[in-house]
Amino acid sequence: MKKLSITILLIIASFSALLGQPETLKVMQYNLLNYGNNTGYCNTTNNNISDKNGYIRTILTAYYPDIFTVCEIGRSSSLPNDFVNNVLNINGLNYWMTSPGSNTNNSSSLINCIFYNSTKLTLVGHHVAQTYTRDVDVYDFKFKNDESDRVTLTCVVAHLKAGTGSDNESKRKMMIENTMRYLENNYRERNVLIMGDFNLYSSSEPAYQALTNETAYPHSYFIDPLYPYGVGNWNSNYNYKDYHTQATHKDNDSNCHSSGGMDDRFDFILMSENIYGGRENIRYVGGSYNALGNDGNRFNKSINNPTNQAVSQEVANALFHNSDHIPVTMDLVVSLNEDVNELNSNELSYDIFPNPASSEINLRFYQNNSGRANILLFNTLGQVVFSENIFVNDCLSEHVINVENLPKGFYFLKVTNADGLTNTIKIAIE
């Protein structure tokens, strides 16, 4: 059944592209934790590559990406193709391709890597932005059905220096500043994502400040899809429990995985202003950014215990065993044949924070014109439990919904604007 579902999705996507209709591009970033690399403490007993292949296959059933970037894959030249053959191109699939990262620095046994859906994308270039501590890889894509070759997407994959203290913070800053200078010189005002394991403990760290510095890098700075609600001092902070991506193990029960439970936001996908605003045929789908498997009940706990409400227990167990990180995901809408105004008007775009929520939901809208908007909140029985009409300003506006008196559970938030554009997002109230 899964094989049939994937085939149907591919057929629909192909027809959409041929007809010039917008289609969704799904992006995932994941630290695989010493995949194919024996460190002694991570070895063939507690980090077996065959077992990891099975875990990753299970995790991918919860989100079928078109672009899959990874950190911590062993530097052996055979590993990326082995990963394609044993994890991705299985059960009749044959469209996955790869380009491994580089190791110009030559100081690490681990590299970055990218895997991509070749029915949608063509890799046209691979560059190295900087080599201090570790290489930062830059991958350039064009879209398969774009005959003009005018729509491009660049993915920058970075694994920043780990560890606490000013020395490690300084090294992370140096890696990012080198990268940002490279992008400012070569990728001005382009469709760019930067992703990876950034090992950042707080948004006040110099590396994060450099990534988002519009003054220093006016043509290449990045926007955090969780801004402002998920941005702050993430380390061991309950207020940011919905956004933590590490560690999947509460106890040190394997010697390979970090322990302590979920209490850090190390893993990121950030977007250029072009993608945020949808100015060059690619736009971020508001509310789509997600830490896969984080249901908001993981603070200082394992990803699979207590029972995970965001993913199935099978997926939660796979996340637990495969890595001490969880993946982050993001959806993009891509239009190859429509102009920018048509792309921006295809659907209402908005973000919600936090999700899960406990007392209030914050809505952040993006639209070209001011006007009225209708907000409906449905329970799983289809009953309307909240309704409100509001005025939405052009460009960016925000609104808060009080949900503290609603029963815990899953709901659907539907927003419709004056032009009849609508979008529905699933939320959880805890």
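Whatever comes next refers back to the structure up there.
Given the structure is predicted, the values throughout are model-derived calculations rather than measurements.

Asker: Help me understand the side chain of Arg298, please; the structure alone is not making it clear to me.
Answerer: Along the chain, Arg298 turns up in the loop between strand S12 (290–291) and helix H7 (313–322). Apart from the residues lying within four places of it in its own chain, the contact partners of Arg298 are Met262, Gly293, Ile303, Asn304, Asn305, Pro306, Thr307 and Asn308.

Asker: So what exactly am I meant to see when it comes to the pattern of salt bridges here?
Answerer: Pairing between side chains of opposite charge can happen when the charged atoms of each approach one another. Under the definition given, this model contains 12 salt bridges. Salt-bridge contacts for Arg172 lead to Glu205; the nearest nitrogen and oxygen are separated by 3.1 Å. In this pair, Arg172 is assigned in helix H4 (residues 166–186) and Glu205 in the loop between strand S8 (192–197) and helix H5 (206–211), connecting sequence segments 33 residues apart. Overall, Arg172 belongs to the buried group, its relative accessible area being 0%. With relative accessibility at 3%, the residue Glu205 sits in the buried group. A network of salt bridges, in which partner residues are shared, links Glu23, Asp66 and Lys120.

Asker: So what exactly am I meant to see when it comes to the sheet that holds strand S19 (residues 409–417) here?
Answerer: Paired through backbone hydrogen bonds, the strands of a sheet run either parallel or antiparallel to each other. Across the sheet, which stays open at both edges, the 4 strands sit in the order S17-S16-S19-S20 with antiparallel pairing between neighbours. On the outer flanks of this sheet lie strand S17 (384–392) and strand S20 (422–429), each paired with one strand and no other. Between one strand axis and the next, the sheet turns by 20 degrees as a mean value, whatever way the strands run. The pairing of strand S16 (residues 371–379) with S19 spans 7 bridges and is classified as antiparallel. For Leu376, the partnering residue across the bridge sits in S19 and is Lys414.

Asker: Looking at this model, I keep getting lost on the state of the cysteines. Mind explaining?
Answerer: Overall, the coordinates contain 1 disulfide when judged by the stated rule. The disulfide bridge from Cys42 ends at Cys256, spanning 1.9 Å between sulfur atoms. Its S-S torsion of approximately 95 degrees makes the covalent link between Cys42 and Cys256 right-handed. Within this pair, whereas Cys42 is found in the loop between strand S1 (23–35) and helix H2 (49–60), its partner Cys256 is found in the loop between strand S9 (222–223) and strand S10 (267–272), the two being separated by 214 residues in sequence. Here the two residues Cys42 and Cys256 agree in accessibility, since each one is buried.

Asker: Would you take a moment to explain unusual backbone geometry for this structure?
Answerer: Leaving glycine aside, a negative phi is the common case for residues, and trans is the common case for peptide bonds. In this model, Tyr227 is joined to Pro228 through a cis peptide bond whose omega is 0 degrees. Inspection of the secondary structure puts Pro228 in the loop between S9 and S10. The peptide bond linking Asn355 to Pro356 adopts the cis configuration, its omega dihedral lying at 10 degrees. Secondary-structure assignment places Pro356 in the loop between strand S14 (349–353) and strand S15 (360–367). Of note in this structure, Asn199 is not a glycine but carries a positive phi near 55 degrees. Relative to the elements of secondary structure, Asn199 occurs in the loop between S8 and H5. You will see that Asn255, though not glycine, has its phi angle at about 70 degrees, which is positive. Tracing the sequence through the fold places Asn255 in the loop between S9 and S10.

Asker: Please explain the sheet that holds S10 as it appears in this structure.
Answerer: What the 6 strands build is an open sheet, ordered S5-S6-S7-S8-S10-S9; its pairing is mixed. Of all strands in the sheet, those bounded by a partner on one side alone are strand S5 (121–130) and S9. In the sheet, S9 pairs with S10 via 2 bridges, with the strands oriented antiparallel. Along S10, the bridge assignment pairs Phe222 with Ser272. Running at roughly 125 degrees to S5, H4 makes contact with S5, strand S6 (136–143), strand S7 (152–159), S8 and S9 of the sheet.

Asker: Just to check I follow, could you spell out the pairing of S16 for this structure?
Answerer: Where a strand is regular, its side chains alternate between the two sheet faces. Pairing of S16 with S17 involves 8 bridges; the strand directions are antiparallel. The residue of S17 that forms the bridge with Ile375 is Glu388. Taken together, S16 and the strand that follows it, S17, pair antiparallel across an intervening segment of 4 residues, in which Gly382 is found at a positive phi of about 85 degrees.

Asker: Help me understand the packing of H2 against helix H3 (residues 79–88), please; the structure alone is not making it clear to me.
Answerer: Each packed pair of helices is defined by two parameters, the angle between the axes and the distance between the axes. Where H2 meets H3, the closest approach of the two axes is 10 Å, and the angle between their N-to-C directions is 55 degrees. In terms of axis orientation, H2 runs oblique to H3. The chirality of how H2 crosses H3 is right-handed. Where H2 approaches H3, its residues Ile49, Asn53, Ile56, Arg57 and Leu60 are matched on the opposing element by Leu79, Phe83, Asn86, Val87 and Leu88. For the contact of H2 with H3, the residue count by class is 7 nonpolar, 2 polar and 1 charged.

Asker: Before we go on, may I ask you to explain H7 in this structure?
Answerer: Taken together, the buried positions of H7 are Val315, Ala316, Ala318, Leu319, Phe320 and Asn322. Buried positions along H7 lie against S1 and H2.

Asker: How should I be thinking about the nonpolar core in this particular structure?
Answerer: Generally speaking, soluble globular proteins have nonpolar side chains that are buried together. Counting residues in each nonpolar core, the largest one holds 92 residues, and the members touching the most others are Phe68, Phe115, Leu153, Leu193 and Leu332. Broken down by element, this core gets its largest block of residues, 6 residues, from S1. Setting aside anything within four residues of it in sequence, one finds Phe68 in contact with Met28, Tyr30, Ile56, Leu60, Phe83, Leu88, Trp96, Cys113, Ile114 and Phe115. Formed by 19 residues, the second largest nonpolar core is a distinct cluster that contains Ile361, Leu377, Val415 and Ile425.

How each quantity is defined
Residues numbered from 1 in each chain as written. Predicted model: local features only at pLDDT ≥ 70, side-chain atom pairs only at ≥ 80, totals over all residues. Heavy atoms only, no water. Helix = DSSP H or I, 4+ residues; strand = E, 2+ residues; numbered from the N terminus. Contact = heavy atoms within 4.5 Å. Salt bridge = Lys/Arg side-chain N within 4 Å of Asp/Glu carboxyl O. Buried < 20%, exposed > 50% of the residue type's maximum accessible area, 1.4 Å probe, protein only. Pairing = 2+ DSSP bridges. Axes fitted to C-alpha atoms, helices over the stretch in contact; angles between N-to-C directions. Disulfide = S-S within 2.5 Å. Parallel < 35°, antiparallel > 145°, perpendicular 65-115°, else oblique. Left-handed = near helix turned anticlockwise from the far one by under 90°. Nonpolar A, V, L, I, M, F, W, Y, C, P; charged D, E, K, R; others polar. Core = buried A, V, L, I, M, F, W, Y, C linked by side-chain atoms within 4.5 Å.

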